[in-house]
Every structure is written in C-alpha cells, then in structure tokens.
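# Structural description and commentary
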Amino acid sequence: MKRLFGGLHKRGEFREPAENSSADAAFWRSAIDSLRERLGASSTTWLLLTWDVSGMEAALMQTGKDGSNFLGKASSRQGRFAAALDEVMAQLASITPIRPKRVALAARHVLPAVVDLPVHPDKPRQPEQMRELIQADLEPVLAEFGSLWSMGALLQARGYLSPADRERITMEEAVRRQSRSNQLRYGEIAIELALIERDLLDECLDQQVALQNLEASVMAGWRGRIEDKQPLWLVCGVGQTTYREWHEALSRRGLYLAATLPISWLVSDPASIEPIEPGTRRDQPVPSIDLEIHAEEVVAVLRRRGRVVATRSEGRIERAPAADWVNRIIADWTAESRAQIVIHFMDAADDEFGELLADALNLTTGHPCSIRKAGEVRLAIWRNLLREANAPLSQLPRMVAGELRGSLWKDHDIRRLLALGIVLIGLAATEGVQQYRLHGLEKKMVDHQRKEKQLSSNSQMEAQVNQKLLELGKGLETTRRQLEPLLNDRSRLNRIISMRVDLPDLLYLLAQAVGSDAVMEEIHNDNTHSEGSAIQVIAWSPNYTGAQDFVNRMAALAREKGYGVSQMEIKERKGRDNRRGHEVKFWLLLEDSELEANEHPSAVQNSVQQPMPAGTGISSQPPAPRATP
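Definitions and cut-offs
- Residues numbered from 1 in each chain as written.
- Predicted model: local features only at pLDDT ≥ 70, side-chain atom pairs only at ≥ 80, totals over all residues.
- Heavy atoms only, no water.
- Pairing = 2+ DSSP bridges.
- Helix = DSSP H or I, 4+ residues; strand = E, 2+ residues; numbered from the N terminus.
- Axes fitted to C-alpha atoms, helices over the stretch in contact; angles between N-to-C directions.
- Contact = heavy atoms within 4.5 Å.
- Phe/Tyr/Trp six-rings, centres within 6.5 Å; stacked < 30°, edge-to-face > 60°.
- Buried < 20%, exposed > 50% of the residue type's maximum accessible area, 1.4 Å probe, protein only.
- Left-handed = near helix turned anticlockwise from the far one by under 90°.
- pLDDT = per-residue confidence, 0-100.
- Salt bridge = Lys/Arg side-chain N within 4 Å of Asp/Glu carboxyl O.
- Expected span 1.5 Å × (residues − 1).
- Arc of directions from axis to C-beta.
- Core = buried A, V, L, I, M, F, W, Y, C linked by side-chain atoms within 4.5 Å.
- Patch = residues over 30% accessible without salt bridge, like charges linked within 9 Å, V, L, I, M, F, W, Y side chains within 5 Å.
- Areas by Shrake-Rupley, 256 points an atom, 1.4 Å probe, with all protein chains shown as cover.

Taken together, five strands build an open sheet; the order of strands is 11-10-9-12-13 and the sheet is mixed. On the outer flanks of this sheet lie strand 11 (307–315) and strand 13 (369–372), each paired with one strand and no other. Sheet twist, expressed as the average angle between the axes of neighbouring strands with direction ignored, equals 20 degrees. Bridging between strand 12 (residues 340–345) and strand 13 involves four bridges; their strand directions are parallel. In the strand pairing of strand 13, I343 is matched with I371. Across the sheet, helix 12 (residues 374–390) lies against strand 12 and strand 13, angled at about 75 degrees from strand 13, the strand it touches most.

Take a look at the structure:
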C-alpha cells in the first residue's frame, strides 16, 4: 500500500487535503481511481443474459471509468436454461478469451407488478416477511402469465411453427369440431399434419407444465418509494425452484448471479431519470405511456418523471396489436391533457405494422406516438440491464442476494454492538499479544532444559544399545552356523519324502516308457541306497535310436509329475544274450532339486559331478554304426 501511494506522490497526485475545499474531493476520487487501476479493479466484465420462452441471448460487456465496452454476443434456441447457457458460453469463448465472473439476468419468467403494501418504503420489514406479503399479490400475475402460453404459442415462440402453420392447425381444429370427427389435441394435429416431431412436442409440453403450475413459494424482489405522498411498491417475482435452477446452473460454471430483473419494464426503461429540483412544485408531471409488444402479451407501463407508476397487460390471443384494443388498455391514462406514447417492439416480425399502429394511436388518443423497433429495443435492454444490475440502488425491482438477505447495517443496535465488539476485540488482542510473547519465552526456556536432558539421556541409551547390538550380532552368527546343517538336512529329507511318495507313479511311468525298443535292467537311488533323493535308471536297447527314444518318452512322462532327466549316458555294450547294443543311464530327480544342486550338494552329489561323455545326451548324435557279428 505504501508503494502504491508512493507512486501517486511522485507524480504529484498525492498531497495533504485542505479543509473545506471542493478540489480535495476530486483529488481523492482521482487517487482512489488510480489505486483501483493499479490493483486491477478499474474494470469489470459482465455477462448479460436475457432468458425468454424462445431461448437465450447473451452479451459480454466490460465496464470501467471510461464507460462500457461491448466484447461480443451470442444466442441459443435451447429450451433448457443450463443447455442454453453452455451454448452461449461456448460461442463467447470462440469470440474472446475474456471470461466473466458476474452475471446480470433479465428473464421473461420474472414478472413485475405494482402493489399496495401496508409498509412504509423507508422502513421495510425483514426479507422473509416482505416475501410473504408480496406472494399474495404475485400469484395472480404468475397464473395469468402461465395461461397465455397455449401449445400453439409455445410452438411458435420456440420457432417450431410459423404463423401460417399455426393458422393451419387452428383451421383443422375448427373443421374437426364442425364435422364432429375424432377430436385431437393441438399438438397431435400438428404431428398428424407433419408440421413438428414428437420430441419437439414433448419439450413444449414440459415447458407448458412448468409455466402453468404455480409453485408453493415465490422468490421476490421489491423497491419502494413515496409517490404523491403515498407509498408505492414495485415488486417482481418468480417461482423459487426456477430461480434456484438458474442460480445453481450459473454457480456450477463459476459464474455469480449478481442481479435478476424482469424483461418487462426493462424494455421501456428510460436512459435517465428526470431529476426533481429542490424547492420546485411539480404536482402534474408529464406522463409517458410505454407499450411493450411481446410475443403473446402487450404490457403497458405508465411513468412519471421516468419512474413506473402503474402497469397493465393483456394477452394477444393470436392477433396483431390493433389501435382500438390497445387504446382500451390505456384509455384512462390518455385522459390527461399531455402524454407521450412510445411503442416498443420485441420481435422484428412486428416491426412491419409499427408505423400504422403509431399513426392509428395518434389519431385515436390525440397524443404524439413514436416507435422503437426490435433492434433498438434489444440494445436498450443491454444498456438498462447493465445499469440496473450495477447500480447501488436500482429504480426497478430486482432480486439481489444481498437485498434478499437484508442488511444488518440498518439496525442501530447492531451498529452499537459492533462498535463495542471492535473495542473489546482490540483490548483482547493487545492482552493476547502480551500473553503470547510471555508464554513464548517460558516455552523456549522449558524446551532448552528439556533438550539438554534429552541429549544426555540419548547418549547413555545409545551406548547401551550399541553394546546390546554387538552381543546380538555374536549370538546371531553362532545360531546361523548351528542352523545351516539342519536346514540342509531338512531340504534333503523333504526331497526324499517327496521321492518316496511318487515312487510307485515313477515306476509305472518307467513301465509305460520302456516299449519294445528297450529293456529295463536296474533301478536304484544314489550311492547311499537308502537316503538318496534321486533314482538312477539303467536300460539296454539294441540300437542307439531306441535308447534315445526311451529317454525322451520318460522325460516327457516324468515332466508331468514335476521330475526331470539328468546325467544321461549312452554307451555301447553287449546285452544279456551277447547281442551288441547300447546301454543308457540317467537320473530321475525333482526339477527344483536340479536347480538347488549347488546349494544342497548332498542330494545328487555323485551323479551331478560325473562328467558327461562326449557324444552323449538327449540331443547328441548317435555314434558311427558298427558292423554286427
């Protein structure tokens, strides 16, 4: 903070304020603006949304001390608020990388009204009590608005039917009624005429139910003032479930709903409010009558000095606004000698009869009448929405989180208690700081003494632990030497037990492997003949190939039992009948015994250590053939 104000001082913008000088106020405003600019708070990005039955439109605006800057706009025809919001956010993201945080929403579903409340505008009640008082007056307005949206109106507003299609369906209904044929509903006739699809009709049915079903509680906003020495309350409201749906959809996308206003009245709200000069008497200000031509409704607003005084509305019922019935709505307002009528068109399709309607009303009422087309009205909505949402105190009723909760600063008892609490907190903070410092010094002394004792105790314990570790090391070495022979014997005995269990199966396998090309001569274990863990097999075959085949067959059969063939030896000798042939010797042993031969040499010591003669083995080639006698 010191550095920020130091920069202002260097530029000659920071100086001591002079008493009773108007230049000081301007100087401080300039200093605060400069400080806000340094802190990055000089501009705010707003996301302005208009939500109607026909869809959503959005505009991205950046406001600052130099005015507002238009960054981009988007639109969506989605029927769901969350889906439409995603679509417009995606469109704006493709236009500019700036992402807004604050949102101002103008919704057609939020309906305004002028009500008479037994409450003085300067002393409003708690927000909960105000909502209870307003709900009774808003429920008929909400019900009347829901009744406007017939199925034909919804389908046309959503863009699924054209005015010609809507008239065609109405004529088909009349023909069926006169011929007393099978009666169908409006949407079913549209499907039968192939004008819409079933999913579009279902979407509009859901919207119609949401519009026509009144909720048990209403979320409302209000603004009161004194008009002609009488309290006048401007209110607006929408179903609480609908409002929460909007708020939650925006919150899930990181957006803050700063203000919610009705589209009605916002369309025709003037750019500036006519000031009332002090000391002047203006008992009969010139009234202005604004006619807002919406899709299914005409809303008339009476203003004095730019402020709303009264309002009326009437459904269009599939008809274009005509001078006779529009004049009937505002007949008593035009009885005054001077009045100004302005017609505001919301839909570009209604612009074509704007001049004719203005001329007819001018002749009928005798008052000047002007029009504002849809494009100009759309710009006015963005301008008025930004102004009313950003204003500390708006002229139109709006729903703002802070105003709905109520302000505690308006309660004088709360202010006195808060001031007393600040003083007590200051005293408690001072005392707490002193106690904290004293406690810190005492704690440091105690910690120092404890650390010294701990170091001494740790040194003694370390010496004892080292002595015990030396003794344990000697004992472990002695125990290892004693256990090593026992472990070797245990491993060897386990193999012997496994061999003896499998001995019958091995003999059976040997019998299967002998065949007609070999003769079994001897079967025994290692040299101890009693505690060996391997079996030596000696067989004789009249030819070398038969001996090899016998060994291969035995190896394949023994592998299924987890045994292997090792130390195979084939040599030439005579058989028992003095025929020349080949003697084959090999050992049967467990597969893991072969792998552990180096660790437990006693298991197959004699057999493994014997060198294998050249030209022997399962994969060796047979010796050169000899002549048989």
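So that's the structure; there's more coming.
Below, the discussion takes up the packing of aromatic side chains. The description of an aromatic ring pair rests on the distance of the ring centres and on the angle between the ring planes. In this structure the tally under the stated criterion is five aromatic pairs. Measuring from centroid to centroid gives 6.0 Å for F81 and W246, while their planes differ by 35 degrees, and the two rings are tilted. One end of the pair, F81, is in helix 3 (residues 81–95); the other, W246, is in helix 9 (residues 240–252), and 165 residues separate them in sequence. According to the relative accessible area criterion, F81 is buried, its value standing at 2%. Ring geometry for F145 and W149: centres 6.1 Å apart, planes at 75 degrees, overall edge-to-face.

Here we come to the packing of helix 3 against helix 9. Running from N to C, helix 3 and helix 9 point in directions that differ by 35 degrees, and their axes come no closer than 10 Å. In this structure, helix 3 meets helix 9 at a crossing whose hand is right-handed. Residue-level contacts link F81, A82 and L85 of helix 3 to E245, W246, A249 and L250 of helix 9.

A few words on the side chain of Q207. Mapping Q207 onto the fold places it in helix 8 (residues 198–212). On the accessibility criterion, Q207 (15% relative accessible area) is buried. Contacts of Q207, omitting those with residues within four sequence positions, involve V53, G79, L154 and R158.

Per-residue pLDDT for the protein chain averages 80, and the proportion of residues at 70 or more is 82%. Across residues 277–282, confidence stays below pLDDT 50; counting only partners more than four residues off in sequence or on other chains, it has three contacts. Low confidence marks residues 593–629, where pLDDT is under 50. Its contacts with residues over four positions away, or in another chain, come to 49 contacts.

Here we come to the pattern of salt bridges. Pairs may arise between side chains of opposite charge once their charged atoms sit close together. A full pass over the atoms with the stated rule returns 29 salt bridges. With its nearest N and O atoms 3.7 Å apart, the salt bridge here joins D206 to R80. A residue pair is termed long-range when its members are at least 10 positions apart, and D206 in helix 8 and R80 in the loop between strand 3 (67–76) and helix 3 qualify at 126 residues. Taking relative accessible area as the criterion, D206 reaches 43% and is therefore assigned partly exposed. For R80, a relative accessible area of 55% gives the class exposed. A salt bridge links D290 to R303; the nearest nitrogen and oxygen atoms lie 2.7 Å apart. With D290 in strand 9 (residues 287–293) and R303 in strand 10 (residues 297–304), this pair connects stretches of sequence that are 13 residues apart. Across this residue pair, the class does not change: D290 and R303 are buried. One network of salt bridges, in which partners are shared, links D269, D290, R303, R387 and E388.

Once that is clear, we can look at the sheet that holds strand 14 (residues 519–525). Strands sit in the order 14-15-17-16 across an open sheet of four strands; the sheet is antiparallel. The outermost strands of the open sheet, each flanked by one partner alone, are strand 14 and strand 16 (563–574). Pairwise comparison of adjacent strand axes, ignoring direction, gives a mean angle of 15 degrees for this sheet. Two elements, strand 15 (residues 535–541) and strand 17 (residues 580–590), share seven bridges in a ladder whose sense is antiparallel. By the bridge assignment, V537 is partnered in strand 17 with F586. Packing against the sheet, helix 15 (residues 544–559) makes contact with strand 14, strand 15, strand 16 and strand 17, and its axis sits at approximately 15 degrees to strand 17.

Its 15 residues give helix 8 an end-to-end C-alpha distance of 21 Å, which sits within 8% of 21 Å, the value for a rise of 1.5 Å per residue. Along helix 8, the positions that sit buried rather than exposed are L201, C204, Q207, Q208 and L211. For helix 8, the buried positions fall inside an angular range of 125 degrees around the axis, keeping them on one side. Away from its buried face, by an angle of more than 90 degrees, helix 8 presents the exposed residues D199 and A210. For helix 8, the elements touching its buried residues are helix 4 (127–148), helix 5 (151–157) and helix 7 (186–192).

Turning to helix 3, a few remarks are in order. Between its first and last C-alpha atoms helix 3 spans 21 Å; for 15 residues at 1.5 Å apiece the expected length is 21 Å, and the two agree. Burial in helix 3 covers these residues: F81, A84, L85, V88, M89 and L92. Mapping the buried residues of helix 3 onto a view down its axis gives an arc of 130 degrees, with all of them on the same face. With respect to the buried face of helix 3, the exposed residues turned more than 90 degrees away are A90, A93 and S94.

Counting residues in each nonpolar core, the largest one holds 34 residues, and the members touching the most others are W149 and I169. Counting residues per element, this core draws most heavily on helix 4, which supplies six residues. When neighbours within four sequence positions are excluded, W149 is seen to be in contact with V53, L154, A157, Q208, L211, Q212, A295 and E296. One finds L49, A84, V88 and L105 within the second-largest nonpolar core, a separate group that totals 28 residues.

Counting through the fold element by element, A320 comes out in the loop between strand 11 and helix 10 (323–329). On the basis of relative accessible area, A320 is assigned to the partly exposed category, the value being 44%. As a C-alpha pair, A320 and F353 span 33 residues in sequence and 8.6 Å in three-dimensional space. Contacts of A320, omitting those with residues within four sequence positions, involve W325 and F353.

Where nonpolar side chains cluster on the molecular surface, the patch consists of L420, V423, L424 and L427 and spans about 400 Å² of accessible area. Tracing the chain through its elements places L424 in helix 14 (residues 412–514).

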